[in-house]
Amino acid sequence: MFISNCTDILTTYGPSLWLGVRTTLLIAITGTVLGLILGLLVGGFRAVKLDFTASGAARFFKKLGDLIINLYITIFRGTPMMVQAVFIYYAMLNFIYWSPMEAAITVISVNTGAYMAEIVRSGIQAVDPGQTEAARSLGMSNAQTMFTVVLPQAIRNAFPAIGNEFIVNIKDSSVLMIISITELMFQAKSIAGSTFHFTETYFIEAMIYLILTTVTSLILNAIEKHMNRPSTKEVA
Amino acid sequence: MAAPMVEIKNIHKRFGKLEVLKGVDFEVQEGETVCLIGSSGSGKSTLLRCINLLEHADDGQILVFGQDVLHTKDVNHFRAKVGMCFQQFNLFANMTVVENCMKPQMKVLKVSKEEARKTAMKYLEKVGMAEFANADVRRISGGQKQRVAIARALCMNPKLMLFDEPTSALDPEMVGEVLNIMKELAEEGMTMIIVTHEMGFARDVADRVVFMDQGQIEEQGTPDQLFNNPQSERTKEFLKASVYK
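Residues numbered from 1 in each chain as written. Chains lettered and ligands numbered in written order. Predicted model: local features only at pLDDT ≥ 70, side-chain atom pairs only at ≥ 80, totals over all residues. Heavy atoms only, no water.

Regarding the overall build of chain A
So, point 1. Per the secondary structure count, chain A includes eight helices and zero strands.
So, point 2. The linear arrangement of helices and strands in chain A, starting from the amino end, is α-α-α-α-α-α-α-α.
So, point 3. By its C-alpha atoms, chain A is 70 × 50 × 25 Å across when sized along the principal axes.
So, point 4. By the burial criterion, 43% of the 236 residues in chain A qualify as buried.
So, point 5. Summed over all atoms, the accessible surface of chain A reaches about 12200 Å², with 72% contributed by carbon and sulfur.
So, point 6. Across chain A, 15 positive and 14 negative side-chain charges occur, with their mean positions spaced 9 Å apart. (Helix = DSSP H or I, 4+ residues; strand = E, 2+ residues; numbered from the N terminus. Buried < 20%, exposed > 50% of the residue type's maximum accessible area, 1.4 Å probe, protein only. Areas by Shrake-Rupley, 256 points an atom, 1.4 Å probe, with all protein chains shown as cover. Lys, Arg positive; Asp, Glu negative; His and termini not counted. Charge placed at Lys NZ, Arg CZ, Asp CG, Glu CD.)

Below, the structure is given as structure tokens:
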């Protein structure tokens, strides 16, 4: 009974489930990539330590930037993404017209960025400060040191946590159905509503999420292994 | 006599309430090899780090190559002319041996990749590390790391080399290979300031030995004067405790 109901749902609603999977992956991937870029900028900015060579304007800019970043991280880590999604989507509709999809990608990216900023910062802090001193002693600037020495190592240090954010996004993008994004959760809810096979439908949905996250973590593990192999490469 | 390459006048450095340098005057001539010795916390590393601005002296004057270092606008350009080697080597862990020597040249001196590689190989050859050019820096021994660090500094064509306890983190059988390279550099006429606990090396290679105590220079002179005929009580005490007879 259970099994035959499941196969029925899969054959009849396969295409709409597939649409849900594609939307979920699209949002999770875009959100993680944009969030990482945002996190690198924000986390990198936060980790910069100004020494005596910095000008007064640079000091002011850094202080102000730190304040804004603190506020951003506090707000986006301190409220649920579902609440962020409804609030930001409807609030912005007062000023611009944007589609739920645009809103969804914005919200998940900005939300992920807040977490990524902290991940990147701790990755940076794990890089031996002696290397920064060596780079400065060779005449490299703050920015050159950050981009050629510190960030490449910080990303490698932080890679497991960055990958984890991607898996979290695959699952947590489900809350975006609140602004009627047709991702996997939304599709499953509609199917359950029309077939009344709630258990079977949500069972299938859970299995699909499980497959997505398991395959993703296998891929991430392989990448991590590849990154940690001893390097013998030439200068790129 | 020509103007000294390094001329330090009455510098003070405080970390919070702790005054680490209490008015130090110090000069180094071009081509001279000077060893700084003294107990931990005597201020010798801080003095060294003030010279290339890794620490910013609170007071006094530092002239290097005739340039007022504490008020220089172009810190990075100045630092490129002063090589430094650290106790913990501080090689860039995301790069191979040869990349460690190439990247700073390409970034700071803006030389081409080919030219950077040529220079890098020349100095890796000099320190006997050419065959490890493509090795992962995390997979070579401490002595090899310090030799690469010396090559990396030399690639920038410095006029002055600073060494901050370059052999203190090494296994005993690795110390010789690093000191031999430093001795070779000294003999070639490189100006060097070396913070060290290797008394034998200081005696053998230094033109002048400076003994620091409690943030001040207690006594200085040729190795013969300082080791065989120290004047101050504190120097005698230090040498008695640290030199095995």
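That was the structure; now back to the text.
Quick look at the interface of chain A and chain B
So, point 1. Residue-level contacts link 28 residues of chain A with 38 residues of chain B.
So, point 2. Across the chain A to chain B interface the summed buried area is about 2800 Å²; carbon plus sulfur atoms make up 55%.
So, point 3. In this structure, the connection of chain A to chain B is made through one salt bridge.
So, point 4. Here Glu133(A) ties to Arg49(B) by a salt bridge, and the two come within 2.5 Å at their closest N and O atoms.
So, point 5. Linking chain A with chain B are seven residue pairs in polar contact (both at pLDDT 80 or more), by the criterion used here.
So, point 6. If one sorts the elements of the side of chain A that touches chain B by residue count, helix α5 (residues 129–137) of chain A sits on top with seven residues. (Contact = heavy atoms within 4.5 Å. Buried area = accessible area lost by both parts, 1.4 Å probe. Salt bridge = Lys/Arg side-chain N within 4 Å of Asp/Glu carboxyl O. Polar contact = N/O pair within 3.5 Å; in protein donor to acceptor, adjacent residues only side chain to side chain.)

Some words on the pairing of strand β2 (residues 18–28) of chain B
Residues and elements named next belong to chain B.
So, point 1. As defined by bridge partners, strand β1 (residues 6–15) adjoins β2 across eight bridges and the pair is classed as antiparallel. When the bridges of β2 are listed, His12 appears paired with Lys22.
So, point 2. Here β1 hands over to β2 after two residues, with Gly16 in that stretch at a positive phi of 60°. (Pairing = 2+ DSSP bridges.)

With respect to the packing of helix α1 (residues 2–47) of chain A against helix α6 (residues 142–172) of chain A
Two quantities define a packed helix pair, namely the angle between the helix axes and the distance between the axes.
Residues and elements named next belong to chain A.
So, point 1. Across the interface, α1 lies against α6 with an axial gap of 10 Å and an inter-helix angle of 145°. Helix-helix and strand crossings are classified by hand; for α1 and α6 the assignment is right-handed. Residues Thr24, Leu25, Ala28, Ile29, Gly31, Thr32, Leu36, Leu40, Gly44 and Ala47 of α1 touch α6, and the partners they reach there are Met146, Leu151, Ile155, Ile162, Glu165, Phe166, Asn169 and Ile170.
So, point 2. A breakdown of the residues in the contact of α1 with α6 according to their chemical character gives 12 nonpolar, five polar and one charged. (Axes fitted to C-alpha atoms, helices over the stretch in contact; angles between N-to-C directions. Left-handed = near helix turned anticlockwise from the far one by under 90°. Nonpolar A, V, L, I, M, F, W, Y, C, P; charged D, E, K, R; others polar.)

Regarding the side chain of Asn5(A)
All names here are of chain A.
So, point 1. Secondary-structure assignment places Asn5 in helix α1.
So, point 2. Accessibility expressed as a relative area gives 9% for Asn5, which makes it buried.
So, point 3. Once residues lying within four places of it in the same chain are set aside, the contact partners of Asn5 are His197 and Glu200.

Let's talk about the confidence of the model for chain B
So, point 1. Looking at chain B as a whole, the pLDDT averages 93, with 98% of positions reaching at least 70.
So, point 2. Scoring of the predicted complex yields 0.82 for pTM and 0.91 for ipTM. (pLDDT = per-residue confidence, 0-100.)

Quick word on the side chain of His12(B)
All names here are of chain B.
So, point 1. If you trace the backbone, His12 turns up in strand β1.
So, point 2. For His12, the side chain forms a polar contact with the side chain of Asn10, separated by 3.5 Å.
So, point 3. For His12, the residues in contact, after removing those within four places along its chain, are Glu19, Leu21, Lys22, Gly23, Ala57, Asp58 and Asp59.

What to know about the packing of aromatic side chains
Between two aromatic rings, the relevant description is the distance of the centres plus the angle of the planes.
So, point 1. Within this structure, the stated rule accounts for seven aromatic pairs over all chains.
So, point 2. Ring geometry for Phe2(A) against Phe203(A): centres 5.3 Å apart, planes inclined by 65°, an arrangement best described as edge-to-face. Of this pair, Phe2(A) sits in helix α1 while Phe203(A) sits in helix α8 (residues 198–227); the two residues are 201 residues apart in sequence, bridging distant segments of the chain.
So, point 3. Given the relative accessible area of 38%, Phe203(A) is considered partly exposed.
So, point 4. Aromatic pair Phe45(A) and Phe61(A): ring centres 5.8 Å apart, planes at 85°, arrangement edge-to-face. Within this pair, whereas Phe45(A) is found in helix α1, its partner Phe61(A) is found in helix α2 (residues 56–78), the two being separated by 16 residues in sequence.
So, point 5. Residue Phe45(A) is classed as partly exposed on the basis of its relative accessible area, which comes to 21%.
So, point 6. The class for Phe61(A) is exposed, based on a relative accessible area of 54%.
So, point 7. Lying over the aromatic face of Phe92(B), Arg152(B) brings its terminal NZ or CZ to 4.5 Å of the ring centre.
So, point 8. Here the basic side chain of Lys159(B) rests over the ring of Phe65(B), its NZ or CZ set 4.8 Å away from the ring centre. (Phe/Tyr/Trp six-rings, centres within 6.5 Å; stacked < 30°, edge-to-face > 60°. Lys NZ or Arg CZ within 6 Å of the ring centre and 35° of its normal.)

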